[in-house]
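Here are the chains, one letter per residue:
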Amino acid sequence: MPVVLSILFAFSVLFSVGVIIQILLGGRNTDEKLFWIAVIIVFPFFGVVAYCLAGIDYRTEADMERLHGKARALLEKEITPEQKEAWFSDKDMDLVPERLKPLARLLRSSGEGNKVYANNSFEIITFGARKRELLLEDIKNAKHYIHIEYFRFGNDESGREVRDLLYEKVAQGVEVRFLNNNMIGRVIPRSYFRDMQKHGMEVVPYTHIRMGFRQWLMRINSQNHRKLVIIDGKVAFTGGMNLNDNYFRRWRDTHLRISGPVIARLQASFIDSWIGSGGTFKQPLSAYFNSEYPQEPAPYKDKLLQVAVSAPEYPWPTTQLAYEWILSNATDYVYIQTPYFVPPDAFLGALKSSAMRGVDVRIMLPKKVDTPFIGPVNRSYYAECLQAGVRIYERDGAFIHSKTLVSDDDLAIVGASNLDFRSFQINSEMDTFIYDKEAALASKEIFLQDIALSEELHLESFVKSRRWYYHLGSDFLRLFRSLL
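Because the structure is a prediction, the values reported are computed rather than measured. (Residues numbered from 1 in each chain as written. Predicted model: local features only at pLDDT ≥ 70, side-chain atom pairs only at ≥ 80, totals over all residues. Heavy atoms only, no water.)

Novice: Hey, could you go over the overall build of the protein chain for me, with residue numbers and the actual values?
Specialist: A tally of helices and strands in the protein chain yields 20 helices and 17 strands. When the accessible surface of the protein chain is summed, it comes to about 20,400 Å², and 59% of that surface belongs to carbon and sulfur atoms. (Helix = DSSP H or I, 4+ residues; strand = E, 2+ residues; numbered from the N terminus. Areas by Shrake-Rupley, 256 points an atom, 1.4 Å probe, with all protein chains shown as cover.)

Quick look at the structure:
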């Protein structure tokens with residue numbers, strides 16, 4: 001037995017050394033390299049496993065082709081030339097305000113299909129009860145298909161209410177496809193999803209070993225964090241709200257109900273995710289793109305939108321680069337809401353330098369968080385941000401889950417991305433960029449209304465309030481920011 005143990009130990013050491021060499025030769029920044037090397041030295045076996053799950057950058061051309069090539073080929077083959085010209089050209093890029101054209105081009109270059117679309121209408125939803133009302137009504141009116149892609153779908157009153165209505169639509173002949181982020185949804189019994197299938201819904205897990213070991217390994221840590229519903233190509237819902245009781249009844253969040261040509265981009269994204277996860281379609285893909293996308297009645301009409309879709313296998317961290325550009329080019333203000341604040345160093349630098357050159361940079365976070373470790377890690381960044389002039393607010397009352405940005409009265413963002421490593425570099429995300437003064441002013445007003453329920457933090461009192469052991473604990477947890 002000692003001989004066997006010695007052999008296993010020697011193998012573990014040699015394998016760990018090999019992984020460390022791979023880390024040193026890789027393209028990560030020095031801080032990340034040192035972190036993973038330290039973890040592997042202290043925990044040789046578990047450190048290697050953690051690195052394989054959370055530390056490897058999977059952005060390669062081979063992975064792009066494996067995960068997206070089939071959908072790309074089918075779209076190229078099955079959508080009509082008229083649809084390609086109408087919905088997938090860059091004809092609306094020139095409508096972007098001159099100041100923001102570099103941002104629009106950045107988004108266009110860093111993610112497949114991130115085009116600009118004019119003539120869209122939308123409603124900004126700030127409470128779950130309103131989303132519930134609109135979503136249920138739109139589902140009831142569905143005639144042909146409903147496409148759903150969600151990070152969380154609850155086995156609770158709200159989730160079952162939506163599920164049971166979907167059962168009714170399937171019985172009426174409506175196609176219902178549900179892309180299940182099964183890794184985070186594993187708390188829901190498999191029987192829940194089998195029951196969906198028995199009722200005629202098509203349910204595909206985002207992560208499954210049948211798609212290949214490499215894809216499974218990649219996605220076991222990379223969650224599908226998008227929130228998307230598309231109904232008959234007429235309306236779509238996207239933003240920060242999932243489908244369960246927290247979002248419909250308890251928390252403060254921000255979401256969009258959209259109509260107009262940008263739905264073609266949302267549809268292409270869903271098709272890509274669905275096929276990349278092993279799903280199929282009953283009809284040629286052209287059937288899922290409308291000949292026209294009229295605007296539904298909504299508070300904001302004739303607006304210019306760009307949906308940025310990101311994934312870990314894409315060559316660039318799309319949302320991170322966009323946020324850094326905004327911070328670096330803002331002239332007046334940048335207001336951000338996020339529940340999770342674990343930023344990469346480059347983003348943190350852009351945030352601080354923007355404030356230091358006189359831009360009014362404000363970040364709003366929840367006073368009470370929904371997971372035990374996030375609060376201390378969030379606060380581990382506060383002191384250096386406050387010192388640089390960033391204004392930080394903690395909102396009291398209902399947990400705020402919004403992921404929004406508004407800047408300089410001409411740009412607003414409503415999306416799924418948090419300000420953390422996971423959203424920027426690990427998860428699959430979806431964020432809507434709105435190039436419009438009216439919508440930006442409305443988003444600014446929403447932020448200022450939330451300030452009334454918030455406490456602004458100040459450097460001196462914040463530093464004094466932190467005991468040494470709390471400071472030590474939060475900074476220790478911050479070392480694991482790539483895993484949070």
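Structure's up, so let's keep going.
Novice: An account of a nonpolar patch on the surface is needed here, citing residue identities and associated values.
Specialist: A cluster of nonpolar side chains, namely Ile41, Val42, Phe43, Phe45, Phe46 and Val49, defines an oily patch on the protein surface of about 660 Å² accessible area. Counting only elements with at least two residues in the nonpolar patch, the list comes to α2 (30-42) and α3 (44-55). The dominant element in the nonpolar patch, judged by the number of residues it contributes, is α3, at 3 residues. By secondary structure assignment, the location of Phe43 is in the loop between α2 and α3. (Patch = residues over 30% accessible without salt bridge, like charges linked within 9 Å, V, L, I, M, F, W, Y side chains within 5 Å. Salt bridge = Lys/Arg side-chain N within 4 Å of Asp/Glu carboxyl O.)

Novice: Describe in detail the environment of Lys303, supporting the description with residues and values.
Specialist: Locating Lys303 in the fold gives a position in strand β8 (residues 300-310). Each C-alpha atom, one on Lys303 and one on Tyr435, is 7.4 Å from the other, the two residues being 132 residues apart in sequence. There is a polar contact of 3.1 Å between the side chain of Lys303 and the side chain of Asp436. (Polar contact = N/O pair within 3.5 Å; in protein donor to acceptor, adjacent residues only side chain to side chain.)

Novice: A description of the packing of aromatic side chains should follow, citing residues and the corresponding values.
Specialist: Two aromatic rings, taken as a pair, are described by how far apart their centres are and by the angle between their planes. Scanning the model with the defined rule gives 19 aromatic pairs in all. Three or more aromatic residues link up through ring pairs in this structure, and these residues are Tyr145, Phe270, Trp274, Phe281 and Tyr288. (Phe/Tyr/Trp six-rings, centres within 6.5 Å; stacked < 30°, edge-to-face > 60°.)

Novice: For the nonpolar core, give the residues involved together with the corresponding values.
Specialist: In terms of nonpolar packing, the biggest core is built from 45 residues, with Leu103, Ile326, Phe341, Leu351, Phe433 and Tyr435 touching the most fellow members. Every residue in contact with Leu351, bar those within four places of it in the chain, is listed here: Leu327, Ile336, Phe341, Val361, Ile363, Cys385 and Val390. Core analysis: the next-biggest nonpolar cluster, separate from the first, contains 43 residues, Ile79, Ala268, Phe289 and Tyr314 among them. (Core = buried A, V, L, I, M, F, W, Y, C linked by side-chain atoms within 4.5 Å. Buried < 20%, exposed > 50% of the residue type's maximum accessible area, 1.4 Å probe, protein only. Contact = heavy atoms within 4.5 Å.)

Novice: I'd like to hear about the side chain of Ser423, residue by residue, with values.
Specialist: Structurally, the position occupied by Ser423 is in helix α17 (residues 421-426). For Ser423, a relative accessible area of 1% gives the class buried. Contact partners of Ser423, with chain neighbours within four places excluded, come to His225, Ala416, Ser417, Asn418 and Glu429.

Novice: Lay out the pattern of salt bridges in plain terms, naming residues and giving numbers.
Specialist: Under the defined criterion, the tally for this structure stands at 26 salt bridges. As a salt-bridge pair, Arg99 and Asp410 come within 2.8 Å of each other at their nearest N and O atoms. Pair noted here: Arg99 is in the loop between α5 (81-87) and α6 (101-110) and Asp410 is in the loop between β13 (404-407) and β14 (411-415), with a separation of 311 residues, a long-range link. On the basis of relative accessible area, Asp410 is assigned to the buried category, the value being 17%. When the shortest N-O distance is used, the salt bridge between Glu157 and Arg249 registers 3.5 Å. Taken together, the residues span a long stretch of sequence, with Glu157 in helix α8 (residues 157-171) and Arg249 in helix α11 (residues 245-250) at a distance of 92 residues. Where salt bridges share partners, they join Arg99, Asp408 and Asp410 into one cluster.

Read these as layout, nothing more, since geometry by itself doesn't imply function.
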